[in-house]
Amino acid sequence: MPELPEVETTRRGIAPHLTGHGVADVIVRHPRLRWPVPRGLAGKLRGHAINAVERRAKYLLLRFDHGTLILHLGMSGSLRLLEAATPAGKHDHFDLVLDGGRALRLTDPRRFGAVLWTRDDPQQHELLRDLGLEPLGGEFTADYLHAGTRKRKAAIKLVIMDSKVVVGVGNIYASEALFRAGIHPSRAAGSLSRERCARLATAIKEVLNAAIEQGGTTLRDFTGGDGKPGYFAQELRVYGRAGEPCVTCGTLVKSTRHGQRATYYCPRCQR
DNA sequence: CCCAAGACCTGGCGGC
DNA sequence: TGCCGCCAGGTCTTGG
């Protein structure tokens, strides 16, 4: 579920309910996520307040005075706010119980998500330290993308999904951004002109921003019972549409694979 | 350094 | 209905 737009939408949804609130308890029902959930979190966090909820790439950062709780939703994770007494389901692995009786609950069937703690600057954490630029930031430009792809022979789709280059472009948005930019997903990254890098950087920003707006409309209620997305499926132009006509030219959308992930593209519009 | 493949997990689906 | 293989929105790790 979580691509960058959903993580950002989640952040916006939960932040007002967490910021300034104290932690009453931490419940770990299943400590074996992507990495083991650190032991003793309850003792560390009880009585401390959350100062801010930030995002770096697809990591959510819950800032405390004495450290940062780092959350990742993996492939199948979601967060919602509910009454702490709500019975836990099979995949409800982690609760951050707040003062006042509510809790932030992590649900994650595949357990590729993560809950980590650092006392230090989270940007220097080993998982975050070497990440590339935020796609929606001002530094992510045509020049940056052009320079960063010069020596890369790999398919451009793989390169824009490489978190050391730019973060947050997941499998869906990689196909969508390349379609909007008119670039074939298999094209060698280093063969793209500066002009086409400009179109691609713009397309990435546009598709992510559009999806965040969509997420904002369908995921606004994080205090409700259901944190499920559902969102922008109707906005997708190529993803999941193999065999259907291209929305631009009518040619049938094709699918292929890059790095064991499904890729969708229009063989006529994308070169 | 770059790149492809493997690894971690569970659940849903289509086919037989 | 049951079983099997395949697929799934991520990303770290490994081996060439």
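Because the structure is predicted, anything quoted here is derived from the model rather than measured.

Engineer: Let's hear about the overall build of chain A: which residues, and what values?
Structural biologist: Per the secondary structure count, chain A includes six helices and 10 strands. Taken over C-alpha atoms, the radius of gyration comes to 20 Å for chain A, in line with the 18 Å a tight globule of 271 residues would show. Counting only residues that meet the buried cut, chain A has 49% of its 271 residues in that class. Accessible surface, chain A as shown: approximately 12500 Å² in total, 48% of it carbon and sulfur. Averaging the locations of the 41 positively and 27 negatively charged side chains of chain A gives two centres separated by 8 Å.

Engineer: Got a sec to walk through the sheet that holds strand β2 (residues 52-56)? Specific residues and values, please.
Structural biologist: The antiparallel open sheet is built from four strands, whose spatial order is β2-β3-β4-β8. Each edge of the open sheet is held by one strand with a lone partner, namely β2 and β8 (114-118). Recorded for the sheet is a direction-independent mean angle of 25° between the axes of neighbouring strands. Pairing geometry for strand β4 (residues 67-72) and β8, over five bridges, is antiparallel. Along β8, the bridge assignment pairs L71 with V115.

Engineer: Now, about the protein's contact with DNA strand B: what can you tell me, with residues and values included?
Structural biologist: Taken together, K90, H91, P109, R110, R111, F112, R152, K153, A154, L158 and Q260 make up the full set of residues near DNA strand B. Taking all atoms of DNA strand B within 4 Å of the protein, the share assigned to sugar and phosphate is 59%. Residue R110 places a side-chain N or O atom 3.0 Å away from a base oxygen belonging to DNA strand B. One of the backbone N or O atoms of A154 is found 2.9 Å from a phosphate oxygen in DNA strand B. A breakdown of the residues in the surface near DNA strand B according to their chemical character gives four nonpolar, two polar and five charged.

Engineer: Got a sec to walk through the side chain of E3? Specific residues and values, please.
Structural biologist: With respect to the element layout, E3 can be found in the segment before α1 (4-18). Buried within the structure, E3 lacks any salt-bridge partner; K58 is the closest side chain of opposite charge, at an N-O distance of 4.9 Å. Here the side chain of E3 touches G170 through a polar contact of 3.0 Å, landing on its backbone nitrogen. Excluding its chain neighbours within four sequence positions, the residues that come into contact with E3 are K58, G168, V169, G170, N171, I172 and Y173.

Engineer: Could you give an account of the packing of aromatic side chains, with specific residues and numbers?
Structural biologist: This model, assessed by the stated rule, comprises three aromatic pairs. Ring plane angle 65° and centroid distance 5.0 Å describe the contact between Y239 and Y264, whose orientation is recorded as edge-to-face. Here Y239 is found in the loop between α6 (194-218) and β9 (254-258), whereas its partner Y264 is found in strand β10 (residues 261-265), with 25 residues between them in sequence. We classify Y264 as buried; its relative accessible area is 15%. Positioned above the aromatic ring of W35 is the side chain of R34, whose terminal nitrogen or guanidinium carbon lies 4.8 Å from the ring centre.

Engineer: Could you give me a rundown of the sheet that holds strand β1 (residues 23-28), with the residues and numbers involved?
Structural biologist: Spatial strand order, β1-β6-β7-β5: four strands in an open sheet with antiparallel pairing. The sheet is open, and its two edges are formed by β1 and β5 (78-83), each paired on a single side. Averaged over all adjacent pairs, the angle separating strand axes in this sheet is 20°, with direction ignored. Sheet strands touched by α1: β5, β6 (92-98) and β7 (102-107). Its angle to β5, the strand with the most contacts, is close to 30°.

Engineer: Before we move on, could you go through helix α5 (residues 171-181) and cite the residues and values that matter?
Structural biologist: Most of α5 is tucked away, with 10 of its 11 residues classed as buried. Listed in full, the buried residues belonging to α5 are N171, I172, Y173, A174, S175, E176, A177, L178, F179 and A181. G182 lies just past α5 and shows a positive phi near 70°.

Engineer: For the pattern of salt bridges, give the residues involved together with the corresponding values.
Structural biologist: Using the criterion set out here, one finds 15 salt bridges in the structure. The closest approach of N and O atoms between R12 and E8, which form a salt bridge, is 2.8 Å. Remark: E8 and R12 occur in helix α1; sequence separation between them is four residues, near one turn of the helix. Its salt-bridge partner being D143, residue R194 comes within 2.6 Å of it at the nearest N-O pair. Here the residue R194 occupies a position in helix α6, and D143 occupies one in helix α3 (residues 142-149), the gap between them amounting to 51 residues. Within the structure, one salt-bridge network assembled from shared partners comprises E8, R11, R12, R55, R56 and E134.

Rules of the game
Residue positions are given per chain, counting from 1 as you read along its sequence in written order. Ligands are numbered from 1 and chains lettered from A, in the order in which they are written. Per-residue local features are limited, in this predicted model, to residues with pLDDT of at least 70; the limit for side-chain atom pairs, both in listing and counting, is 80 or more; totals at the level of whole chains, interfaces and linings are taken over all residues. The basis for every side-chain value is the complete set of non-hydrogen atoms in the structure, without hydrogens or water. Where helices and strands are cited, they refer to DSSP runs of H or I of at least four residues and of E of at least two residues respectively, numbered from the N terminus. Atoms counted for the radius of gyration: C-alpha only. Globule rule: 2.2 Å times the number of residues to the power 0.38. Exposure is judged per residue with a 1.4 Å probe applied to protein chains only, and the accessible area is read against the type maximum: over 50% gives exposed, under 20% gives buried, and values in between give partly exposed. Where accessible areas are quoted, they stem from the Shrake-Rupley method and a 1.4 Å probe; at the residue level, only the protein chains shown are allowed to cover. For the purpose of counting charges, residues Lys and Arg are taken to be positive, whereas Asp and Glu are taken to be negative. His and the chain ends are not included. Charged groups are reduced to one reference atom each: NZ for lysine, CZ for arginine, CG for aspartic acid, CD for glutamic acid. Two strands pair if DSSP finds at least two bridges between them. Simply put, an axis is a line fit to the C-alpha atoms, just over the touching stretch for a helix, and the angle between two N-to-C directions goes from 0 to 180 degrees. Put simply, a residue is near a molecule or strand once any heavy atom of it comes within 4 Å of that molecule or strand. Polar contacts here mean pairs of N or O atoms no more than 3.5 Å apart (in protein, one a potential hydrogen donor and the other a potential acceptor; neighbouring residues in sequence count only if both atoms are side-chain atoms). Any residue outside Ala, Val, Leu, Ile, Met, Phe, Trp, Tyr, Cys, Pro, Asp, Glu, Lys and Arg is labelled polar, Gly included; the first ten of those are nonpolar and the last four are charged. Should a side-chain nitrogen of Lys or Arg be within 4 Å of a carboxyl oxygen of Asp or Glu, the pair is scored as a salt bridge. Contact between two residues is taken to exist if any of their heavy atoms lie within 4.5 Å; hydrogens are not considered. Each Phe, Tyr or Trp ring (for Trp, its six-membered ring) is paired with any other whose centre lies within 6.5 Å, and the angle between the two planes then decides the class: stacked below 30 degrees, edge-to-face above 60, tilted in between. Only when the NZ atom of a Lys or the CZ atom of an Arg is both within 6 Å of the ring centre and within 35 degrees of the ring normal do we say a charge sits over the ring.

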